[in-house]
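In case you want the letters, here they are:
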Amino acid sequence: MRSPRKVDARSKINGSHKFIDDYIFPDMIYGYLYYARCHHGYIRKITFPEEFDLKNFIIIDYKDIPGRNIVPEPEPDQPFLVENEVYHYGQIIMGIAHPNKAILKQFVEKIEIEYEELTALTDIKECLEDESNAFGREIIIDQRQSLEPRSEWIKTSAVYYTAHQEQAYLETQGMIAIYNQDQRSIYVLGTMQCPYFVKEAVEMIMGDKITEVVIETAEGIGGAFGGKEDFPNILAGVASLLAYKAEKPVKIVLERSDDIVITTKRHPSRVEIETYTDPVTNKIRKLKIDYRLDAGGYLTLSPVVLSRGVLHSFGGYNIRDVFIHGRLLRSNTPSNGAFRGFGAPQAFFAIESHIDKIAGDLKIDPLELRMKNILQKDDRMPTTQIIREDHILDCLNRVIEKSDYKQKYIEFQEYNQHHDNKKGIGISICFHGGGYTGNGEKVLQSKVKMTIEKDAAVNIYVANTDMGQGAHTTLAQMVSETLDHPLNKTRVVIPNTSKTPNSGPTVASRTIYIIGNLLCDLSLQIKKEIQGNLDEYVRSHNTLFPKEYSRCFTPDPTVVFDDKTYLGTGYKDYSWAACVCEVFYQTSIFKLDLKKIWTVLDIGIPVNPKIAEGQVEGGLLQAMGYALTEYFYKPDFGRMHGFTDYILPTTLDTPEMDIEFIHTDSDFAKGLGEIPMNYPAPAIRNAFHHATGIFIDEIPLTPERIYENIKGKS
Amino acid sequence: MKFIKPSSLPDLFDRLQNYEGRKFFLAGGSDINIQIKNRMIRDEPIFYINHLDELRGIQVVDDTVIIGALTSYADIISSPILKEKLPFFRNSLKLFASPLLQSVATIGGNIANSSPTADILPLLLVLDAEVRLLTRSKLRFIPINEFYTGYKEYVMKTNEIIGSVHINIDAEKNWLAYYRKVGSRQSLTIAKLALAGIMKLKENSITAIKIAAGALNEYPRRLTTTENYLKSKRKEDIADKELKEVLTEDITPITDLRSDKNYRFDVCLNLIKEFINSY
């Protein structure tokens, strides 16, 4: 295990690395997404400002679409452009372009739209509480064992809520589209996670007006976190249509104030859990979960977020009698979408908080309850999948030992009796399935390609993007180490759909786990062929090169998942983690601070430990923001418009972090990207409960929420 | 947008005569640049003044510490004069915004922007600072306590500029001082509320007290009713209920995206108690 420096480190530090807004093409003009300022209603009249000459602007609406007005991926139910009925605030009505950015801005500010307003559902709780808002795609896992609860069993029930979360990528959404009239082709350059989704989108909106679409990513992608999984489809579609009509390159880069309003967020959730626990054995005997997400205006990614959420909702526990009901609810707000964790952070917030609630009812240490019920070797998940090792137990044992949890649990209780300010300590445990859910990877059939040049340079072609997470360094390192070839002669080529095969989207913690391991397989195949040193082989067989190699993902035939019953192997391999959080609560200002977090993860073998550690640090901090400060919507005040009030943690807020990787079974790299986001929030909540004895079922734990909770009770 | 860069301070005053009405003065730009970008400033003239070095710097003249309007927070924090003469004032500003903003944001700009949440104002209020206002031919001193008249309103006229801030050299000497800013995070945060206070205690009696709050009224101001209630009280005679009542006279917290009025009120109350009980 080595940690070579990221391949893009130097150019990012000296500023030469190019992001989408750094690209300029001859005759390029600027585009703007004109979006609805109405939650629900019909467009009655659009008035353009008279002082501008409309001839100088390129304006497109749904009537200009030559293809179909439907975004194809992930769930084809959302139009590119509003046809008549606006279904949510921020929905895109028109694309507008002009050679001068400043004039464009003045023009769009003065456009007036008259709406016939209809009833709109914009409040999160109003949406989540009312089952009649459910729209399609419910999931049921029914593993009830006709077990009648005994009278002595303790019934514990509660409802848990989580809020929106903004991905807050440093670089906003942006695309440049260029139409080539002679070749009837469109080239799109942009910041994105899924070039092939974008390709399908442009093909869909352009229909038979074009014969070829090429999508390329900018050299640099300034963060994504899931936020650039589906929105780029719409953006690229509109940019392409503008470029087609203008016959000039069109660049659209969103301003932050627009980006934050119209793009996807993490789904707010309402998760109701009911359990029965035997107070003699401290075993949880029955578990019932009602898992709901506010999907927003359209389904888009929500069905797959729901399936991952449901398949993680039962937590790392061995409970035999389980009933889980997952649903999506509809509101008149922008569709919620992908965000690191993908339904799992909501699931773990609920189950891990609930475990502490049961422990409170049983009057035992939450650690003891976890130890009694934790998934161990040969146990079964409610989906019937069998656990092969003590993965999560090993993680938990190690983190308990490192953090001195047992001692602190007692010490802090003593401290709190004599101090106004309080200390607390809390636990959470978690897992995350790598790759697409269920049969997803079988359907995807990812392909990778490598070329070996005449000078023995190895070029890797994968559609997975490096958005700052270091994927292209790690993937090149995997090939370099397997081939035993220098890293500086091994590189990942910037994804371009004209030469890069479809290796699927850059999502679901699958890039290293699926694509990296597929590249390792291909490298082994090449190694077998050359039988020795690659440099020497290329020199002695120079006429054979350049040569192309490729490989397709072969699913494991023993992996079976039933899409109807949701039983079987939800994910072939899981990553596992446990954490302990230590908090400090300032009573006079009702403020909770995370002081230290210890975490132990089993992600198999990390390829580049430094990059892996960086991923965990970032995820923990993002999860801390989720737990303590980040909310996007406030009743009576609506949604936020920027980072003044949407509170992300800064460097000074960063707690001390102790990160350790262990590995229990797998001798390869498993998924890592998402798991660190899944579990800190409930551990922080549980630590607050330990510190104050106050049980709050909702995050973020802002001082105002803590205050309301205390006042409401007194 | 009209942008003017005068060659000197006299040139600034000359040119100011050509523009009636509202105008803006650009120094560090940490507020104004955002207001320009968000089109809150559209047609008003903007005078660039950050190069007028006679408005910058910290000095002691007789019994007064004079801080030039263009002095940045970084300069204030690193000033040996302030470290020696007004350590409480200086230390309280360490958590202002972020190191990046501290190096560009100026004291004059912070006062002129007149945000109800400006971090420095509660401090200037309890230290009885004065603002020196300049025009082409006149200068006048306005106590900071009388500077603001309403939300983003002040007594400064449109042809005046802030020249400097004056604080008595002994303003915090022999006083027990307290400052606390409550924000959503450790840095780069707009105050939900802030409280500054200085007091004198004799045995357990409060012989003198000045308290000012930020983000709890349309502009930061002294809590005079509360001060009067606390003055000459023994610490143990302060009744929670009475304190709450007097505080109601002094502050008008609101609910916004950032925080809630009841939270703001109760935390302000807690901070006043924390201030008094910390000595």
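Note on numbering: residues in each chain are counted from 1, in written sequence order. Starting at A for chains and at 1 for ligands, labels are handed out in the order in which the entities are written. The predicted nature of this model means local features are confined to residues of pLDDT at least 70 and side-chain atom pairs, given and counted, to a pLDDT of 80 or more, with totals for whole chains, interfaces and linings taken over all residues. Calculation of side-chain values draws on the structure's entire complement of heavy atoms; hydrogens and water are dropped beforehand.

### What to know about the sheet that holds strand E18 (residues 458-461) of chain A
Residues and elements named next belong to chain A. Two strands pair under a simple rule: DSSP has to find at least two bridges between them. Only DSSP runs of H or I covering at least 4 residues are called helices, and only runs of E covering at least 2 are called strands; the numbering of each starts at the N terminus. An order of E19-E18-E17-E20 is seen for the four strands of this open sheet, with the pairing classed as mixed. With one partner strand each, in any of the chains shown, strand E19 (490-492) and strand E20 (547-552) form the two edges of the open sheet. Across the sheet, the mean angle separating the axes of adjacent strands is 20° when strand polarity is ignored. Examined bridge by bridge, E18 and E19 share three bridges and lie parallel to one another. From the neighbouring strand, Asn-459 faces E19, where its bridge partner is Arg-491. Residue contacts follow a heavy-atom distance rule, with two residues in contact if any of their heavy atoms lie within 4.5 Å. Geometry is summarised by axes, namely lines fitted to C-alpha atoms with helices restricted to the contacting stretch, and by angles between N-to-C directions that run from 0 to 180 degrees. Contacts from helix H13 (residues 471-483) reach strand E17 (447-452), E18 and E19 within the one sheet, and its direction differs from that of E19 by about 145°. Strands E17, E18 and E20 of the sheet are contacted by helix H14 (residues 511-530), whose axis makes an angle of about 130° with E20.

### Observations concerning helix H4 (residues 195-206) of chain A
Residues and elements named next belong to chain A. Here a helix's expected span is defined as the number of its residues, less one, multiplied by 1.5 Å. Its 12 residues place the ends of H4 17 Å apart at the C-alpha level, agreeing with the 16 Å of an ideal helix rising 1.5 Å per residue. Across the 12 residues that make up H4, a large majority, nine, are buried. All of the buried residues in H4 are Pro-195, Tyr-196, Phe-197, Val-198, Lys-199, Ala-201, Val-202, Ile-205 and Met-206. Buried-residue contacts for H4 involve strand E10 (185-190), strand E11 (212-217) and helix H5 (231-246). A simple rule labels every residue: compare its accessible area, found with a 1.4 Å probe on the protein chains alone, to the largest value its type can have, and call it buried under 20%, exposed over 50%, or partly exposed in between.

### Regarding the packing of helix H8 (residues 344-362) of chain A against helix H9 (residues 366-373) of chain A
All names here are of chain A. Two elements in contact, H8 and H9, have axes whose closest approach is 8 Å; the angle formed by their N-to-C orientations is 110°. Classed by the angle they form, the pair H8 and H9 counts as roughly perpendicular. With respect to the hand of their crossing, H8 and H9 are arranged in right-handed fashion. Together, Glu-352, Ile-355, Asp-356, Ile-358, Ala-359 and Leu-362 of H8 and Pro-366, Leu-369 and Arg-370 of H9 make up the contact between the two elements. Side-chain classes follow a simple rule in which Ala, Val, Leu, Ile, Met, Phe, Trp, Tyr, Cys and Pro form the nonpolar group, Asp, Glu, Lys and Arg form the charged group, and the remainder, Gly included, forms the polar group. For the contact of H8 with H9, the per-class residue count stands at six nonpolar, no polar and three charged. Any angle that falls under 35 degrees is termed roughly parallel, while one over 145 is termed roughly antiparallel, one within 65 to 115 roughly perpendicular, and all others oblique. Whether a crossing is left-handed or right-handed is set by the direction in which the near helix is turned from the far one by less than a right angle, anticlockwise for left-handed and clockwise for right-handed.

### Considerations on the interface of chain B and chain A
The partner chain A presents 28 residues to the 27 residues of chain B that form the contact. Buried surface at the junction of chain B and chain A, both sides included, amounts to about 2500 Å², of which 51% is carbon and sulfur. Broken down residue by residue, the surface that chain B buries against chain A is led by Arg-185, Leu-257 and Tyr-263 of chain B, which jointly contribute 30%. For salt bridges, the criterion is a side-chain nitrogen of Lys or Arg within 4 Å of an Asp or Glu carboxyl oxygen. Our count for the chain B to chain A interface comes out at six salt bridges. Arg-42 of chain B is the salt-bridge partner of Glu-109 of chain A, the closest N and O atoms lying 3.4 Å from each other. Under this definition, polar contacts are N or O atom pairs within 3.5 Å; protein pairs additionally need one hydrogen-donor-capable and one acceptor-capable atom, and for neighbouring residues in sequence, both atoms have to be side-chain atoms. At the surface where chain B touches chain A, the tally comes to 20 residue pairs in polar contact (both at pLDDT 80 or more). Those elements giving two or more residues to the side of chain B that touches chain A turn out to be strand E11 (176-182) and helix H11 (261-277) of chain B. Tallied by class, the residues present in the side of chain B that touches chain A amount to eight nonpolar, eight polar and 11 charged. Joining two parts hides part of their accessible area as seen by a 1.4 Å probe, and the buried area is that hidden amount summed over both.

### Here's the deal with the nonpolar core
Side-chain atoms within 4.5 Å link the members of a nonpolar core, which is a set of buried Ala, Val, Leu, Ile, Met, Phe, Trp, Tyr and Cys residues. Of all hydrophobic cores here, the largest spans 133 residues; its most connected members are Leu-396, Trp-576, Leu-592 and Ile-684 of chain A together with Leu-195, Leu-230 and Ile-272 of chain B. Ranked by residues supplied to this core, first place goes to H8 of chain A with 10 residues. Met-206, Val-213, Leu-242 and Ile-252 of chain A belong to the second-largest nonpolar core, a separate cluster that totals 73 residues.

### What to know about the sheet that holds strand E2 (residues 41-47) of chain A
All names here are of chain A. Ordered in space as E4-E2-E6, the three strands form an open sheet in which the pairing is antiparallel. One side of each edge strand has no neighbouring strand; the edge strands of this open sheet are strand E4 (85-86) and strand E6 (112-117). Pairing geometry for E2 and E6, over six bridges, is antiparallel. Bridging from a neighbouring strand, Thr-47 pairs with Glu-112 of E6.

### Section: the pattern of salt bridges
Close approach of charged atoms allows side chains of opposite charge to pair. Within the structure shown, the criterion is met by 60 salt bridges over all chains. The partner of Glu-227 of chain B in a salt bridge is Arg-222 of chain B, with the nearest N and O atoms 2.6 Å apart. With respect to class, Glu-227 of chain B is no different from Arg-222 of chain B; both count as buried. Within this structure, Glu-129, Glu-131, Arg-270, Glu-272, Asp-290, Arg-292 and Arg-327 of chain A form a network of salt bridges that share partners.

### As for the packing of aromatic side chains
Stacked, tilted and edge-to-face are the three classes applied to pairs of Phe, Tyr and Trp rings, where Trp contributes its six-membered ring and a pair requires centres within 6.5 Å; stacked means planes under 30 degrees apart, edge-to-face means over 60, and tilted covers the rest. Enumeration over the complete set of coordinates arrives at 32 aromatic pairs over all chains. With 6.1 Å between their ring centres and 90° between their planes, Tyr-537 of chain A and Phe-545 of chain A make a pair best called edge-to-face. Summarising the burial analysis for this pair, Tyr-537 of chain A and Phe-545 of chain A share the class buried. Between Tyr-19 of chain B and Phe-47 of chain B the ring centres are 5.6 Å apart and the planes differ by 85°, which places this aromatic pair in the edge-to-face class. Residue Tyr-19 of chain B is located in the loop between helix H1 (9-16) and strand E2 (24-26), and its partner Phe-47 of chain B is located in strand E3 (residues 45-48); the two are separated by 28 residues in the primary sequence. Only when the NZ of Lys or the CZ of Arg is both within 6 Å of the ring centre and within 35 degrees of the ring normal is a charge said to sit over the ring. Here the guanidinium or amino end of Lys-125 of chain A rests over the ring plane of Tyr-161 of chain A, the centre of that ring lying 4.4 Å away. Looking at Lys-449 of chain A, its charged tip hangs above the ring of Tyr-461 of chain A, at a distance of 4.5 Å from the centre.

### Overview of the packing of H8 of chain A against helix H18 (residues 680-692) of chain A
All names here are of chain A. It is at 8 Å that the axes of H8 and H18 come closest, and there the two elements cross at 30°. When the axes of H8 and H18 are compared, the pair comes out roughly parallel. As for the relative orientation of H8 and H18, their crossing is right-handed in sense. Here H8 contributes Phe-348, Phe-349, Glu-352, Ser-353 and Asp-356 to the contact with H18, which in turn contributes Ala-681, Pro-682, Arg-685, Asn-686 and His-689. The class makeup of the residues in the contact of H8 with H18 is four nonpolar, three polar and three charged.

Geometric descriptors of this kind do not, in isolation, establish any biological role.
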